[in-house]
Amino acid sequence: MTSHLKKVELHCHLEGAAPPVLTEAQARKYGVDISGELRDGAYVWHDFASFLECYDKVSEVYRTEEDYALLTETYLDELAGIDTIYSELIVSPDHGKRIGLGADAYISGVCEGIRRAKAKSGIEARLIVTGERHFGPESVIGAAEYAARAGNPLITGFNLAGEERMGRVADYIRAFDIARDAGLGLTIHAGEVCGAFSVADALDAVRPARIGHGVRAIEDLDLVKRLADLGTVLEVCPGSNIALRVFPDFTSHPLRRLKEAGVRVTISSDDPPFFHTSLEREYELAAVVFGFTDAEINAMTRTAIEAAFVDEETRQALLARL
Ligand SMILES: Nc1ncnc2[nH]cnc12
Ligand SMILES: [Zn+2]
């Protein structure tokens, strides 16, 4: 059991954490038929591309500032309920724009949700603005510019998510330069549906502090050594990787091999209900399936706090709570 352990999550997409029961209520509220995407209480997709389509369709029933406040509060309450002390949420102001809510109102709703959840449980949360690869470099630059000029103390990082097989990381360098110059923490999805080359590309082009997933680096042991030497933190999401068949089963998942090779690894849930998982289950998997001890799991949680995109005062306070 890991219920007694403090937890931290660095990699979770806000719309990807939408509980099916809440999405059903939202769809009814707006009179939207999402029976193609949500059936018998479960999201419906069959591969990475259809997962992204399902994700975007589900996101369409979250439309107002209050919808986003409720979604954020609901997920952070769930995390706080399993003794999570810190959460970074991946958010997409571009999505707020696309649905007509506007980026500012979208972010304002999310921040209200953070405020409500923190008032109840004390959970700390920060936001990572993400561009979506499949909307092209210009849209990702727009997301970086939004994050850079937001002047919002809760927005502390920039990410690139979406269809990893579209383009090369080099196409998105400008966006990461804008984010870096604004002092935002940099992380990027790589080494998930693309192989080790995508992790090497990310290191070469972006020099990120962290990588979302990165697990297919295991295909190139020189790259694994490079990650270990650089101290780049991998936001590993085992349940997501198995659900998307990045690896056939947990036995073949490289989390332990990466950790034992000296790579700094952390545990997250990515899009929990889409992948029939939760942060609670990811911590349980670490203990029961990967066989990590409490000390090893706490070390991964400590790594997550050390790599968190937060101010030093907050970091020290979180370390003291661990
Ligand atoms: N696992 C994932 N990979 C890339 N983009 C995503 N958007 C939401 N989840 C994602
Ligand atoms: Zn992700």
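Residues numbered from 1 in each chain as written. Chains lettered and ligands numbered in written order. Predicted model: local features only at pLDDT ≥ 70, side-chain atom pairs only at ≥ 80, totals over all residues. Heavy atoms only, no water.

### Describing the site of ligand 1
At step 1: H13, F48, F51, L52, Y55, A161, G162, H189, E192, H213, D270 and D271 make up every residue found near ligand 1.
At step 2: In the environment of ligand 1, a nitrogen atom lies 2.8 Å from a nitrogen or oxygen atom belonging to the side chain of E192.
At step 3: Considering ligand 1 on its own, with 260 Å² of exposed area, one finds that the protein chains cover 99% of that surface.
At step 4: In the shell around ligand 1, the residues fall into five nonpolar, four polar and three charged.
At step 5: In this structure, the shell around ligand 1 is formed jointly by two domains, domain 1 (7–18 + 63–321) and domain 2 (20–61), each of which donates at least three residues. (Near = heavy atom within 4 Å. Polar contact = N/O pair within 3.5 Å; in protein donor to acceptor, adjacent residues only side chain to side chain. Areas by Shrake-Rupley, 256 points an atom, 1.4 Å probe, with all protein chains shown as cover. Nonpolar A, V, L, I, M, F, W, Y, C, P; charged D, E, K, R; others polar. Domains from an automatic or database assignment.)

### Describing the coordination of the zinc ion (ligand 2)
At step 1: Protein-derived coordination of the zinc ion (ligand 2) comes from H11 (NE2), H13 (NE2), H189 (NE2) and D270 (OD), at a distance range of 2.1 to 2.3 Å.
At step 2: If you look at the zinc ion (ligand 2), its four donor atoms make angles of 85 to 174° with each other, and the shape they trace is irregular.
At step 3: The sequence pattern formed by the donor residues of the zinc ion (ligand 2) is H-x1-H-x175-H-x80-D. Taken together, the residues span a long stretch of sequence, with H11 in the loop between β1 (7–9) and α1 (20–30) and H189 in strand β7 (residues 185–190) at a distance of 178 residues. In this pair, the class of H11 matches that of H189, namely buried. (Donors = N, O, S within 2.8 Å, 3.2 Å for Na, K, Ca; no water. Tetrahedral: all angles 85-135°; square planar, octahedral: opposite > 155°, others 65-115°. Helix = DSSP H or I, 4+ residues; strand = E, 2+ residues; numbered from the N terminus. Buried < 20%, exposed > 50% of the residue type's maximum accessible area, 1.4 Å probe, protein only.)

### Section: the UniProt feature "active site" (unreviewed entry) in the protein
At step 1: If you check UniProt for "active site" (unreviewed entry), the listed places come out as E192 in our numbering.
At step 2: As for its position among the elements, E192 is in the loop between β7 and α8 (196–206).
At step 3: When near neighbours in sequence (up to four residues on either side) are disregarded, E192 contacts F48, E164, H213, R216, S240, N241, L244, V246 and D270. (UniProt positions renumbered as here; feature names shortened; annotations may be inferred. Contact = heavy atoms within 4.5 Å.)

### A short note on the side chain of E282
At step 1: Take E282: it is sitting in helix α12 (residues 279–288).
At step 2: In this structure the side chain of E282 is engaged in a polar contact, spanning 3.0 Å, whose partner is the backbone nitrogen of G239.
At step 3: The contacts of E282, once residues within four sequence positions are left out, are C237, P238, G239, S240, I267, S268, S269 and T277.

### As for helix α2 (residues 48–59)
At step 1: Counted at 1.5 Å a residue, the expected span for α2 with its 12 residues is 16 Å, and the 16 Å between its end C-alpha atoms agrees.
At step 2: What α2 keeps buried is the set F48, S50, F51, L52, C54, Y55, V58 and S59. (Expected span 1.5 Å × (residues − 1).)

### Examining the packing of α1 against helix α3 (residues 65–80)
Axis angle and axis distance: for two packed helices, these are the angle between their axes and the distance between the axes, and together they describe the pair.
At step 1: At a minimum axis distance of 12 Å, the contact between α1 and α3 shows a crossing angle of 170°. When the interaxial angle is binned, α1 and α3 end up roughly antiparallel. Taking contact as the criterion, the partners of L22, Q26, K29 and Y30 in α1 are, on α3, D67, L70, L71 and T74.
At step 2: Grouping the amino acids of the contact of α1 with α3 by side-chain chemistry returns four nonpolar, two polar and two charged. (Axes fitted to C-alpha atoms, helices over the stretch in contact; angles between N-to-C directions. Parallel < 35°, antiparallel > 145°, perpendicular 65-115°, else oblique.)

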